Structures are given as structure tokens and as C-alpha cells.
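Survey of secondary and tertiary structure
Okay, here's what each chain looks like letter by letter:
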Amino acid sequence: MSLHVEHAEEMAAVLSDPALRTFIGGTPDTPQALRSRYQRMTAGSPDPTVSWLNWMIRLRAEACLTGTVRATVSPWSQGPSPTASTPYRRLHVL
């Protein structure tokens, strides 16, 4: 499903998992910081030659968000960048 600003609170909990931080590093965003980031992401790139594609991964069986997939389409694109919460990595959702 497409990323929406309203996903920020649920994803803040998903992305705050300490085990996930082992893979992606950094510190987790607060729901407010994530909401701000999602607002910028959904607004799109200021560069007209670049498109930002952002999706949420939802596990239907549990009706919960489990991760994100982002891709930047441009003349120099390198492909999608997936992030899945650690409990769901074993399910190969990506």
C-alpha cells in the first residue's frame, strides 16, 4: 500500500524495535518526527527528474504494518530500499 502520513504512529512503534536498529542503525524517530518525514516524502522530490516511490508493508493476517519499501527513480537510480521489522524478517515479506 502507498505510504500515508497517517501511518507514522504505527510505524514509529515498528521502527523503534532495538533488534531492528542492529540492522539499520541510528535512533528511532518519534511519531511526530516520522509524521514530518512522511509529509516531506509524500510531497515528492523537488527535483523534477526524480520520483520518490514509498510503500508500506502490511501483514494481512495480523492487520499490522511491518515495514517499508522506498525507491528513487532517476537517471542514477540504484533500486528499492526495503526495511522490515525483525519479527517478520523470517517470513521473507521482502
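For the structure itself, consult the block above.
These figures come from a predicted structure and were not determined experimentally.

Description of the overall build of the protein
Helix and strand content of the protein: four helices and three strands. Among the 94 residues that make up the protein, the fraction classed as buried is 34%. Put simply, of all contacts in the protein between residues at least 6 apart along the chain, 47% involve residues at least 24 apart. As displayed, the protein has an accessible area near 6,000 Å², and 55% of this comes from carbon and sulfur atoms.

Things to note about helix α3 (residues 31–43)
Side chains three or four residues apart in an α-helix point the same way, a direct result of the helix having 3.6 residues per turn. Here α3 contains 13 residues, and its C-alpha end-to-end distance of 18 Å stays within 8% of the 18 Å for a straight helix at 1.5 Å per residue. Note on α3: the residue one or two positions beyond its end, G44, has a positive phi of about 95°.

Topic: the nonpolar core
Ranked by internal contacts, the top residues of the largest apolar core, which has 13 residues, are L3, M11, L15, L34, Y38 and M56. Only α1 (8–15) and α3 provide two or more residues apiece to this core. The element that contributes the greatest number of residues to this core is α1, accounting for five residues. When residues no more than four places from it in sequence are discounted, the contact partners of M11 are L34, Y38, M56, L65, G67 and T68.

Notes on the pairing of strand β1 (residues 51–59)
Pairing of β1 with strand β2 (residues 64–73) involves nine bridges; the strand directions are antiparallel. Within β2, the residue paired with W52 across the bridge is T72. Between the end of β1 and the start of β2, which pair antiparallel, lie four residues, with A63 showing a positive phi angle near 50°.

Criteria and thresholds
Residues numbered from 1 in each chain as written. Predicted model: local features only at pLDDT ≥ 70, side-chain atom pairs only at ≥ 80, totals over all residues. Heavy atoms only, no water. Helix = DSSP H or I, 4+ residues; strand = E, 2+ residues; numbered from the N terminus. Buried < 20%, exposed > 50% of the residue type's maximum accessible area, 1.4 Å probe, protein only. Contact = heavy atoms within 4.5 Å. Areas by Shrake-Rupley, 256 points an atom, 1.4 Å probe, with all protein chains shown as cover. Expected span 1.5 Å × (residues − 1). Core = buried A, V, L, I, M, F, W, Y, C linked by side-chain atoms within 4.5 Å. Pairing = 2+ DSSP bridges.

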